[in-house]
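For reference, the chains in residue letters:
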Amino acid sequence: MVEHHIQIYDTMTRRKRRFKPLNPPTVTMYVCGPTVYGDPHIGNLRTFTLGDLIRRWLEHRGYLVKYVMNITDIEDKTIRDSGNAGKTLKEFTDYYTGVFFRGLDLLSVKRATAHPRATVYVPQMIEFIQTLMEMGVAYNAEDGVYFDIDKFPRYGELSGVDIGKVERTERVASDEYDKEDAQDFSLWKKATPEEIERGIYFESPWGRGRPGWHIECSVMSKELLGDTVDIHAGGEDLAFPHHENEVAQSETVTGKKFVRFWLHMRHLMIDGGKMSKSLGNYVSFDDILDKHTPDALRYLYIATHYRRPLNFTWGNMENAQNTLNRLENTLDLIENTMKGPDDNMDYGEREKKLLETVRAEKRGFVEDMDDDFDAPDALGHLHAINGAVNEYLTEPANKGVLREAADIYGELLGVLGLFEKRSAGGDEATERLIAMITDLREEQRKEKNYAFADLIRDRLAEAGVEIQDTADGTTWKLKS
RNA sequence: GCCGGGUUGGCUGAGCGGUUUAGGCGGCCGCCUGCAGAGCGGCUCUACGGGGGUUCGAAUCCCUCGCCCGGCUCCA
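Residues numbered from 1 in each chain as written. Chains lettered and ligands numbered in written order. Predicted model: local features only at pLDDT ≥ 70, side-chain atom pairs only at ≥ 80, totals over all residues. Heavy atoms only, no water.

Chemist: Break down the sheet that holds strand S11 (residues 268-270) for me, with residues and values.
Modeler: Taking strand neighbours across the sheet as the criterion, the 3 strands line up as S12-S11-S13 in an open arrangement whose pairing is mixed. The two strands at the open ends of the sheet, each matched to only one other strand, are strand S12 (273-274) and strand S13 (310-312). Both S11 and S12 contribute to a ladder of 2 bridges, which runs antiparallel. What sits directly across from Met269, in S12, is Lys274. (Pairing = 2+ DSSP bridges. Helix = DSSP H or I, 4+ residues; strand = E, 2+ residues; numbered from the N terminus.)

In structure tokens, the structure reads:
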């Protein structure tokens, strides 16, 4: 493993702490996943993209990351909306799980080691609840089983919420549930007649019903990653009550520390405010895909630190796309140069300067990422490398030196998850065909038949082949 | 109301007591090019939410006010 000094800001202690996994080189990481009842929106996707960034960085540092992200496939909204859609719960959630994964794939978010679905772990959840009952910290009420938070003295520690002072908000006051204390949370919900009719229930010692939401993460985390996990992450809104509840029930059952580092991602905003359907400022993932590449969105996501709110505007989106294009153009320049002639096989001042710059900037990049995954700062170093390479390429390149610089550049882009799906070109037949066409066009250019040459260029563009004339000849690439 | 986070140029985003003060995007002007694209060079923008204070010196420390965001029962 690489020597490092990774610092992570932990919500529980409210400061950055040196990161050391419990059982190196393994790192256990759990991220609260989506409830699959609709299209994921760009706020959700940011959280998961940032989780992916963190996971990639830990892997880059030599850790074996065991990464779990749950899929909540049984809960009020999935039941309600599947009913409205006239579908079974499973049909409905399977569909939206697919939509979710499609989004992750487009954004180059790597699949987790496991994506457990809540409905698959119900027996373990029942067992977990039973333990809580036996310990006397949970009670069976009219409409469900609840956790008695008075039995967990440290309740509120994670979120800083003093439950004695929580104002009795309208929502709490109008609570229709049958709990002893408004703050108690549900472990098991008893089925309604409609749910029974639709067959949406599980048998349990407390009758037919389904697990509460909080129990899911506690149980699946325990089953797949053990009693204590190194990192547990999620959107900032989950700190209270969701994560607070998880701590209470998990630590009660195991008697061990549940999570060593709590990470919370700030929310995405739109035009400086909250994104909501009712305000009419809702932007969907597909809206973005109409105008931009998924990588541009990924760049936008990571260009703002995960603990700072990201303000989405279309201007920012274009900004990100332009910046990303610049980074990609350098990849094209490198590839074209590598295919070109060997005009420089010496190691001079230019070569020395390039390698020194690239190596130094890489160190800066690594330091920044080690410091609580500070990607925005790290990007500054990436751009410095980008600039150094571009400048170097204005004159004949030493391919060996260029290769080393390019490898570092590519390595860092890879850590950020950028350009993973770059089209490398076509198959051999396509390659030769295009070479033939550009050769013929080159003849026309020599004859100064520019109108014809331009027509060829236009027609190729229509076919999705973008060509560029450079001093070393014509290059091309497939444009999606 | 309570708790927590934030407030930097056209945008994004560094800086965390004092060297040109980032970097990227945008804009402008050159170079290159038959044109286009990309790239290079130069320039522009020179800001720090308002008001006090501490200090030889503050975007950086303190006070105060404003504004924004999040949480306060199941929303990433």
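There is more to say after this.
Chemist: Help me get a handle on unusual backbone geometry, residues and values and all.
Modeler: Here the amide bond leading from Pro24 into Pro25 is cis, since omega sits at 5 degrees, within 30 degrees of zero. Along the chain, Pro25 turns up in the loop between strand S2 (15-18) and strand S3 (26-31). The amide bond that connects Phe240 to the next residue, Pro241, takes the cis arrangement and shows omega of 0 degrees. Looking at the element boundaries, Pro241 is found in helix H8 (residues 239-254). We note that Phe373 has phi near 55 degrees; this positive angle belongs to a residue other than glycine. Here Phe373 is to be found in the loop between helix H12 (349-370) and helix H13 (375-392).

Chemist: Which residues make up the environment of Phe92, and what are the values?
Modeler: Of note, Phe92 is situated in helix H3 (residues 89-106). For Phe92, a relative accessible area of 6% translates into the label buried. For the pair Phe92 and Lys189, spaced 97 residues apart in the sequence, the C-alpha separation amounts to 21 Å. When sequence neighbours within four positions are dropped, the list of residues in contact with Phe92 reads Val36, Tyr37, Thr78, Asp81, Ser82, Ala85 and Lys87. (Buried < 20%, exposed > 50% of the residue type's maximum accessible area, 1.4 Å probe, protein only. Contact = heavy atoms within 4.5 Å.)

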